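Each chain, letter by letter, is given below.
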Amino acid sequence: MEWIANNSDQVPQMQEIPLGMEDREESHATREKQQDIINPPARLTDQVPPKADTLLTILQRYPIMWQGLLAVKNNTAASQMHYLTGDQDVAREALAPNPDGTIPPLKISQRMRLEEAHLMEVAARMQMPREHCVLLALPCGRDREDVLRQCKNLRCQFITYFQLKDAAGIANIPCPRTGFTKFVVHLIPADCGFVREYLRTKFPDLLHAVREIPYLLVVIGRG
């Protein structure tokens, strides 16, 4: 798969909610409080250099850890995940290929409401270096036309879907031997204040580069 590097082609306990169940109440998470979850460094990082690098150049700083299909209900989108921070072995083990070398789709089976308490738990997990890995999921495809199609799929079938639910997606990765959950993968949509604040303070160059591209912040944690 290849990435199209052209911004002009715009095309208490964590509550887990099974997909398909109607929410009984609307989430009233306060966006402003999400900025308090991440301690920002000096505000110098707010400024993107005038001579910003191209998207392709910037993405080369963040190695690809996985390429495959994201799946929610009957919808799929081809994606490649770029490493941001954390233990790469966590991502390698959680997103490992099948014994025959094929890549299984990452199936989202639950939702997490984007409420402050839940996001604080995710943020706390991100403070444990050996227990998590953070990736950025971007659309990818076989050629230019396919990439544009996957951009649309990711935006409409995943990001918009979770925006309407005010939720993040959850994929549980079981242990092959026991069947119990070994890794929990959170996929948080780009419009979430938590995501924007995290990228702004930690990876401002990347946030600027992908500002017109659909993406998900992926946080993998040991179960």
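This structure is a prediction, so every number in the text was calculated from the model and none was measured.

Here the focus is the pairing of strand β7 (residues 167-174). β7 sits mainly inside the fold: six of its eight residues count as buried. Here strand β5 (residues 110-113) pairs with β7 via four bridges, running antiparallel. Residue pairing for β7: Q110 is matched across the bridge by I170. With six bridges connecting them, β7 and strand β8 (residues 181-189) associate as antiparallel partners. From the neighbouring strand, N172 faces β8, where its bridge partner is V184.

One turn of an α-helix holds 3.6 residues; hence residues three or four places apart share an orientation. Taken residue by residue, helix α4 (residues 116-125) has H118, L119, V122 and A123 as its buried positions. Angularly, the buried residues of α4 cover 140 degrees about the axis, an arc narrow enough to put them on a single face.

Let's shift gears to the layout of surface pockets. Approximately 460 Å³ is the volume found for the largest pocket. Breaking the lining of the largest pocket down by element, the ones donating at least two residues are α3 (88-94), β4 (106-108), β7 and β8. A total of three residues in the lining of the largest pocket trace back to one element, the largest contributor, which is β7. A class-by-class count of the residues in the lining of the largest pocket yields 14 nonpolar, three polar and three charged.

This part takes up the confidence of the model for the protein chain. Summary statistics for the protein chain give a mean pLDDT of 82 and a share of 76% for residues scoring 70 or more. Every residue in residues 1-17 scores below 50 in pLDDT, and together they form 55 contacts with partners more than four places removed in sequence or on other chains. Within the model, pLDDT remains below 50 along residues 21-52, and this stretch shows 47 contacts once partners closer than five positions in the same chain are excluded.

What counts and how
- Residues numbered from 1 in each chain as written.
- Predicted model: local features only at pLDDT ≥ 70, side-chain atom pairs only at ≥ 80, totals over all residues.
- Heavy atoms only, no water.
- Buried < 20%, exposed > 50% of the residue type's maximum accessible area, 1.4 Å probe, protein only.
- Helix = DSSP H or I, 4+ residues; strand = E, 2+ residues; numbered from the N terminus.
- Pairing = 2+ DSSP bridges.
- Arc of directions from axis to C-beta.
- 1 Å grid on protein atoms, 1.4 Å probe; cavity = no way out; pocket = protein on both sides within 12 Å on 5 of 7 lines; lining within 4 Å.
- Points joined across faces, edges and corners; volume = space filled by probe spheres on them.
- Nonpolar A, V, L, I, M, F, W, Y, C, P; charged D, E, K, R; others polar.
- pLDDT = per-residue confidence, 0-100.
- Contact = heavy atoms within 4.5 Å.

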